[in-house]
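One letter stands for each residue in the lines below.
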Amino acid sequence: MNILTLIISFILTSVLLLGFIPYLKSLKFGQSIREEGPESHMSKSGTPTMGGLMIVVSIIITMFIISMFNTDISLNVEFWLLTLVLVGFGLLGFLDDFIKIGFKRNLGLTSLQKLIGQVVIAVIFYLIMKQYNLGTAVSIPGTNIEWELGWFYALLVIVMLVGASNAVNLTDGLDGLLAGTASIAFGAFAFIIATVQADGTMLVTFSMAIVGALLGFLIFNVHPAKIFMGDTGSLALGAVIAAIAILSHLEILLVIIGGVFVIETLSVIIQVISFKSTGKRVFRMSPIHHHFELGGWSEWRVVTTFWFVGLFFAFIGIIIEVIL
């Protein structure tokens, strides 16, 4: 059934994008490229964006289709929590993308506006979790040890949802980079949960629907990309992978499986701290994928290398949680 979920989502996303890309072109909803970015990216200006909208739509449709034909998949509280995050963060991203394109404002929503929206959704997520007693303990990877956090768990949920959303958003900078690394990460979580958690059917199915949607999107997003997912997709995907880690109580494992996203975020933090404190840059440009680009690597080489790094982190996560 999980393979069927992936196939349905893959086909839905592919078909939806076949019609959505020409529609966006007719509306002239093209990406504006920031002048401070790599010069080679200027040729991408005008490429349709907001493709993440079709990813979100196909995931939800897929889940409803699967629930209709498989009695083992009920639209329980986990489904609605994941949908809350997917749609909520996706809507924030959509507003950001729409403002950039519709109002010709390169920066879209302000950082504060996005942060407030993200925190509000994260708080609602936690309150629903608390209402349904979904637990406030964190599992230590590779062990049977659980660390009960009590009300501190609320802070962890907010930090994870907001942090992962923004980390994944930073990773979305090259053709196919995020779609590839995210599909690997979601696939790893699906495998681990299916292997070690008997009650994780919904989380596995939702993860596989996301993998299918990302692979369908990747057909149109590999270099040279015909469409970008925009913040609509990246903010939503980052929050959802954090939500899956939270609901499966594999919170710490997210740092390992999402290693690429962690590295991308750390590169930005290091760059900012270094430049503000010493006036010098550690990297040619951050996030770090641009550092390699400016070092002479082709875009495709950077993307495929990061895919392999993502596979490495996913493999490490699987070893820790499943094999050890």
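The structure under discussion appears in the preceding block.
Worth saying up front: this structure is predicted, and the values here are computed from it rather than measured. (Residues numbered from 1 in each chain as written. Predicted model: local features only at pLDDT ≥ 70, side-chain atom pairs only at ≥ 80, totals over all residues. Heavy atoms only, no water.)

(A) Seen up close, unusual backbone geometry. For the bond from H223 to P224, the omega torsion is -5 degrees, close enough to zero to count as cis. Along the chain, P224 falls in the loop between α7 (201-221) and α8 (230-247). Omega for the peptide link from S286 to P287 comes to 0 degrees, which places this bond in the cis form. Note on placement: P287 falls in the loop between α10 (259-278) and α11 (288-294). Here M50, not a glycine, exhibits a phi torsion of approximately 70 degrees, which is positive. Of note, M50 is situated in the loop between α1 (2-27) and α2 (52-69). Residue classification places M50 among the buried residues on the basis of a relative accessible area of 3%. (Helix = DSSP H or I, 4+ residues; strand = E, 2+ residues; numbered from the N terminus. Buried < 20%, exposed > 50% of the residue type's maximum accessible area, 1.4 Å probe, protein only.)

(B) Spotlight on the pattern of salt bridges. All chains considered together, the criterion is met by four salt bridges. Where D231 meets K100, a salt bridge forms, and the shortest distance between an N and an O atom there is 3.4 Å. On the criterion of sequence distance, the pair formed by D231 in helix α8 and K100 in helix α3 (residues 77-102) is long-range, its members being 131 residues apart. Via salt bridges that share partners, D96, K100, K114 and D231 belong to a single interconnected network. (Salt bridge = Lys/Arg side-chain N within 4 Å of Asp/Glu carboxyl O.)

(C) Inspection of the side chain of T181 at higher detail. Assignment of secondary structure puts T181 in helix α6 (residues 177-196). For T181, a relative accessible area of 3% corresponds to the buried category. Within polar-contact distance, the side chain of T181 engages the backbone oxygen of L177 at 2.8 Å. For T181, the residues in contact, after removing those within four places along its chain, are T171, V260, F261, F306 and W307. (Polar contact = N/O pair within 3.5 Å; in protein donor to acceptor, adjacent residues only side chain to side chain. Contact = heavy atoms within 4.5 Å.)

(D) Local environment of the side chain of T232. By the element assignment, T232 lies in helix α8. Side-chain polar atoms of T232 contact the backbone nitrogen of F94, separated by 3.4 Å. Not counting chain neighbours up to four residues away, the residues in contact with T232 comprise M50, G52, L53, G90, G93, F94 and D97.

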